[in-house]
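Topology and contacts: notes
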Amino acid sequence: MFEVETIGLEMKRQAKKNGTDMCSNTNKRLKTLIEAKNPLFDFISPTSSLESLIQPFNSKTFLNDYWEKKPLVNLRHGALTKHQHEVLSSIYSTQVLEEAAKEKRLLFGRDFHACRFDGEKTVDAVHAKGTLTSASLKKLLHGQKCTFQIHQPQRYSDLLWRLLEHLESYFGCLVGSNVYITPPGTQGLAPHYDDVEVFILQLEGSKHWKLYKPQVELARDYVVNLDPESLGNPIEEFTLRPGDFLYFPRGTIHQACADEGNQFSTHITISTYQHQSYGDYLRSVLFSSVEGLASSSVDFRRGIPLGSISNPVFNSSPLWNEMTSQLGKLTEQLSSHLRKIPFPQPMILDFWSSRLPPFGIDLDEIEGSQPKSPMPDMEDEVRLLYKTHVYFMKQKFQPDERDSEDEEKEEEQVEAIGFYSSIFNSRSDHMIMVEDHSSIENEPRVVLKFPLTYEESMKLLFERESVAANELPLPREDAEKLLSSLWSCHLLETVKT
Ligand SMILES: [Fe+2]
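Going along each chain's sequence as written, the residues are numbered from 1 onward. Note on the predicted model: pLDDT of at least 70 is required for a residue's local features to be given, and 80 or more for side-chain atom pairs to be given and counted; whole-chain, interface and lining totals, by contrast, use all residues.

The next point concerns the overall build of the protein chain. A run of DSSP states H or I qualifies as a helix once it reaches four residues; a run of E qualifies as a strand once it reaches two. Both are numbered from the N-terminal end. Looking only at helices and strands, the protein chain features 14 helices and 18 strands. Counting other C-beta atoms within 10 Å of its own, a residue is labelled buried from 20 upward, exposed at 12 or fewer, and partly exposed in the gap between, with every C-beta atom placed from the backbone. In the protein chain, buried positions account for 32% of the 497 residues. Once C-beta atoms are placed from the backbone, any two residues with those atoms within 7 Å are in contact. For the protein chain, the share of sequence-separated contacts (at least 6 apart) that also reach a separation of at least 24 residues comes to 82%.

Within the open sheet, the three strands sit side by side as 17-13-18. Their pairing is antiparallel. Each of the sheet's edge strands pairs with one partner strand only, and the pair in question is strand 17 (467-468) and strand 18 (492-496). Any two strands between which DSSP finds at least two bridges are classified as paired. Where strand 13 (residues 381-384) meets strand 17, two bridges bridge the pair, whose relative direction is antiparallel. Across the sheet, the residue bridging to E381 is A468, located in strand 17.

Here the focus is the sheet that holds strand 3 (residues 112-117). Read from one edge of the open sheet, eight strands run 2-10-7-12-6-5-3-4, paired in antiparallel fashion. Both outer strands of the open sheet, strand 2 (72-74) and strand 4 (122-124), are each paired with one neighbouring strand and no more. Neighbour to neighbour, the strand axes of the sheet diverge by 20 degrees on average, direction disregarded. The sheet contact formed by strand 3 and strand 5 (residues 147-151) spans four bridges and is antiparallel. Directly across from F112, in strand 5, lies its bridge partner I150. Only the stretch in contact is used when fitting a helix axis, every axis being a line fitted to C-alpha atoms; angles between N-to-C directions are given from 0 to 180 degrees.

The subject of this paragraph is the packing of helix 2 (residues 46-54) against helix 7 (residues 158-171). A pair of packed helices is characterised by two quantities: the angle between their axes and the separation of those axes. One way to put it is that helix 2 packs onto helix 7 with a least axis distance of 8 Å and a crossing angle of 115 degrees. As far as their axial angle goes, helix 7 and helix 2 are roughly perpendicular. The element helix 2 and its partner helix 7 pack so that their crossing is left-handed. Along its contact with helix 2, which presents P46, T47, S49 and L50, the element helix 7 presents L163, H166, L167, S169 and Y170. The nonpolar class holds Ala, Val, Leu, Ile, Met, Phe, Trp, Tyr, Cys and Pro. Asp, Glu, Lys and Arg form the charged class, and all remaining residues, Gly among them, are polar. Split by residue class, the contact of helix 2 with helix 7 holds five nonpolar, four polar and no charged. Throughout this description, any angle smaller than 35 degrees is read as roughly parallel, any larger than 145 degrees as roughly antiparallel, any in the 65 to 115 degree range as roughly perpendicular, and the remainder as oblique. We call a crossing left-handed when the near helix sits turned anticlockwise from the far one by less than a right angle, and right-handed when that turn is clockwise.

A separate point is helix 2. Every buried residue belonging to helix 2 is among S49, L50, E51 and L53, and all of these are buried. Looking at the buried positions of helix 2, the neighbouring elements they touch are helix 3 (59-65), helix 7, strand 7 (197-204) and strand 10 (245-248).

To count as a nonpolar core, a set of buried Ala, Val, Leu, Ile, Met, Phe, Trp, Tyr and Cys residues must be joined through C-beta atoms within 7 Å. The biggest cluster of nonpolar side chains holds 55 residues, and the ones touching the most others in it are L97 and F148. The element contributing the most residues to this core is helix 7, with six residues. Ignoring sequence-local partners within four residues, the contact set of F148 consists of L97, F112, A114, L141 and I181. Formed by 28 residues, the second largest nonpolar core is a distinct cluster that contains W352, F419, L461 and L491.

Let us now look at unusual backbone geometry. Cis geometry is found at the peptide bond from Q55 to P56, where omega equals 10 degrees. Of note, P56 is situated in the loop between helix 2 and helix 3. Positive phi outside glycine occurs at E68, with the angle close to 60 degrees. Phi is positive for H490, close to 65 degrees, though the residue is something other than glycine. Assignment of secondary structure puts H490 in the loop between helix 14 (476-488) and strand 18. A residue is classified by how many C-beta atoms lie within 10 Å of it, and H490, with 23 of them, is buried.

What follows covers helix 13 (residues 455-463). Each full turn of the α-helix corresponds to 3.6 residues, which orients residues three or four apart in the same direction. All of the buried residues along helix 13 are S457, M458 and L461. Along the axis of helix 13, the buried positions cluster into a sector of 100 degrees, meaning they face one direction only. Seen from the open side of helix 13, the exposed residues pointing more than 90 degrees away from its buried face are E456, K459 and E463. Where the residues of helix 13 are buried, they touch strand 13, strand 14 (390-397), strand 15 (414-421), strand 17 and helix 14. Each C-beta atom gives one direction from the helix axis, and the arc is the one those directions make.

Mapped onto the fold, G418 is located in strand 15. Judged by local crowding, G418 falls into the buried class, with 23 C-beta atoms found within 10 Å. Along the primary structure G418 and L448 are separated by 30 residues, whereas in three dimensions their C-alpha atoms are 5.9 Å apart. Discounting residues that sit within four places of it in the chain, G418 has contacts with F392, M393, Q395, V447 and K449.

In the case of a regular strand, side chains alternate between the two sheet surfaces. Where burial is concerned, most of strand 12 (residues 265-272) is hidden: six out of the eight residues are buried. When strand 6 (residues 175-182) meets strand 12, the two strands line up antiparallel, connected through eight bridges. Counterpart to N178 in the pairing with strand 12 is T269. As defined by bridge partners, strand 7 adjoins strand 12 across seven bridges and the pair is classed as antiparallel. Each bridged residue has a counterpart across the sheet, and for V198 the counterpart in strand 12 is S271.

For the protein chain, per-residue confidence averages 88 on the pLDDT scale, and 88% of positions sit at 70 or higher. Known as pLDDT, the predictor's confidence for each residue is given on a scale from 0 to 100. Considering only residues more than four positions removed or in separate chains, one finds that residues 8-26, a stretch of pLDDT under 50, has 35 contacts.

Relative to the elements of secondary structure, M431 occurs in the loop between strand 15 and strand 16 (446-450). Overall, the presence of 18 C-beta atoms within 10 Å leaves M431 in the partly exposed class. Expressed as a C-alpha distance, the spacing of M431 and L174, which sit 257 residues apart in the sequence, is 8.1 Å. Residues in contact with M431, not counting those within four places in the same chain, are Q152, L174 and G176.

Right, dumping it as structure tokens:
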């Protein structure tokens, strides 16, 4: 008999604090600004958060006309109110960087990088290492005239946490950010292109941008130090001022230079959709699909023709036609199999283990504590919580450890419903590269394993605002197990008793 199982829930205890100690004063100020009237961002929903960035365009127009197609240059600084400008400069500024240096909060490499464009290529800052201090900041920013790239400020800016969490829900994909602070009259990076969709919001000062036609449409690689001579004429050229917004698809070649004068340029780059192409999807599902078909279909187990890999002129022999015809038939079988198996498991697990937790969740408060709502019983009405932060799918699990000594069962995998949530994910590690990749967890901190018979009940909880517990299509004992598992993970509340 299959039992409800919790895998990895204990990992939530390893979750770090949400980084609020890094910038608490700034966050108090931001909180006031976010809650004040007429803010720059409307955080009612993931869509409204995206539309705050691209306004006056709506999400439909953006997706139809611009997304993965062409740049959107939205010079709207004149239309912003004084209050909206205050919100902008609170996101990040030279002053915020100076405060961080004073308090020695930023570590070179992990939290920031410094570089400049010497006219030919991007050059790293000289002697930049360790913790950033006021003295080293002065040397790098004013002496060497370096551009500062501040990594993933959503780890300590509440406004960015809220915005990026919504964008991750909207795009269904990880979203990262970097802030760039550039001394007047200088350029930080040589012309280059990225492997991500890019959203840019100018926060202070002004910067002159040049965009060029992609050499590789929807590029899969990040390519630096392009030869300026090879770029041709820009397809777009403009200056961004505080409040102005820019979007361009991955592969768009770009370079930007801060305007002359006294003011530093600060902008935030928000990026997403890295490795989310059809090619990436297929790469993720093909291996396991072919393995599965090889187990179930003798056509996939039949041998390839003699000489296929030993005869150098095999592709001009009659057997080649036989082989391509057979490959065509197998591709058809594979294609119909792919229609039934839509889960690119590694991509899904990467997203759910790495995305931001819901905005405002206090790990210290809920970690190891009982949920505040009463434990549900079968007479109650219940509601699934954090719906944009839960996911479930049919998948195969390794057999239980208690069976591992049984040699016959060792290879046998068990099909079950994997239920994932990102509510205990770490905000303070969000999108931070770890040098030793082997230490990156590829499993969300909440993983529940349910028998396949629970699937309809889980769909019901997911699709309805609330559900009467006795409506769940499960025997009473199983329904109770499902509800108590979700409740104890803070993912379900009792709305009516
Ligand atoms: Fe870039």
